[in-house]
Amino acid sequence: AQKITQTQPGMFVQEKEAVTLDCTYDTSDPSYGLFWYKQPSSGEMIFLIYQGSYDQQNATEGRYSLNFQKARKSANLVISASQLGDSAMYFCAMRERGTGFQKLVFGTGTRLLVSP
Amino acid sequence: EAGVAQSPRYKIIEKRQSVAFWCNPISGHATLYWYQQILGQGPKLLIQFQNNGVVDDSQLPKDRFSAERLKGVDSTLKIQPAKLEDSAVYLCASSLDLETSGKLFFGSGTQLSVL
């Protein structure tokens with residue numbers, strides 16, 4: 001079963017507008033973490049934002065915010081005031097416990113294209 | 001602060017040949033990861049080291065892939081013999097601590113093409 005599901009293969013947004021990238025997850029572990037990473041064409045994965053399962057507030061990092069709805073098991077990324085440099089692949093990931101140590105499992109990603 | 005270093009950046013080999021990738025993590029990071037990212041997919045964890053010990057290699061095809069992390073710092077990932085389906089980007093990452101925020105720092109990856 002998919003642990004992390006990103007149903008949007010591609011999204012388009014105009015510069016300066018906000019965009020929401022969807023992510024749903026599946027876990028029975030009460031303690032988990034959710035992450036979003038950006039992968040530009042250069043290939044490097046860049047950490048954007050983190051949400052812990054026990055965090056009361058939704059995480060925010062500058063123009064990025066995470067809309068965490070625990071009951072629905074969703075962790076959508078909201079990018080406000082999109083910029084051309086935001087064009088990239090975006091991956092949602094979940095920290096889960098492996099063989100005694102935590103590991104990160106990634107979704108299939110959403111390609112975001114920001115147009116002028 | 002220097003980031004995660006990987007080499008080579010690109011590699012092209014023929015099937016059945018062998019290849020090795022090198023990774024130098026951020027200084028002080030105890031945990032090192034190798035991920036395989038096939039085109040159009042998310043990264044898949046191959047192996048995870050804590051210092052110089054393997055803590056998870058459940059998705060590593062051990063008949064052809066091997067990895068080591070000598071002295072708990074640099075790491076090498078080897079494929080021998082390579083198959084066509086091994087064509088992918090191999091990403092190395094390191095982290096100080098995965099228990100709290102636990103963000104991973106990634107290198108730029110090695111793009112492998114197997115012909």
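Below or above, wherever it landed, is the structure these notes cover. Please read these numbers as outputs of a predicted model, since none were measured by experiment.

1. Description of the sheet that holds strand β1 (residues 5-7) of chain B
Residue and element names in this part refer to chain B.
Phase 1: Pairing is antiparallel in the open sheet, where four strands are placed in the order β1-β3-β8-β7. Of all the strands in the sheet, the pair left with one neighbour each is β1 and β7 (65-68). Each strand axis lies, on average, 15° off the axis of its neighbour in the sheet, ignoring direction.
Phase 2: Note: strand β3 (residues 19-24) against strand β8 (residues 75-79), five bridges, orientation antiparallel. Residue pairing in the sheet places F21 in a bridge with L77 of β8.

2. Structural notes on the nonpolar core
Phase 1: Counting 24 residues, the largest nonpolar core has Y25, W36, I49, L77 and Y90 of chain A as its most contacted members.
Phase 2: Of all elements in the fold, only β3 (19-21), β5 (33-39), β6 (46-52), β8 (64-69), β9 (74-79), β10 (88-97) and β12 (110-115) of chain A reach the threshold of two or more residues within this core.
Phase 3: The leading source of residues in this core is β10 of chain A, at four residues.
Phase 4: Not counting residues within four places of it along the chain, the set of residues in contact with Y90 of chain A comprises Q6, L21, W36, Y37, K38, L48, L77, I79, G109, T110 and L112 of chain A.
Phase 5: V19, F21, L77 and A88 of chain B belong to the second-largest nonpolar core, a separate cluster that totals 21 residues.

About the cut-offs
- Residues numbered from 1 in each chain as written.
- Chains lettered and ligands numbered in written order.
- Predicted model: local features only at pLDDT ≥ 70, side-chain atom pairs only at ≥ 80, totals over all residues.
- Heavy atoms only, no water.
- Pairing = 2+ DSSP bridges.
- Helix = DSSP H or I, 4+ residues; strand = E, 2+ residues; numbered from the N terminus.
- Axes fitted to C-alpha atoms, helices over the stretch in contact; angles between N-to-C directions.
- Core = buried A, V, L, I, M, F, W, Y, C linked by side-chain atoms within 4.5 Å.
- Buried < 20%, exposed > 50% of the residue type's maximum accessible area, 1.4 Å probe, protein only.
- Contact = heavy atoms within 4.5 Å.

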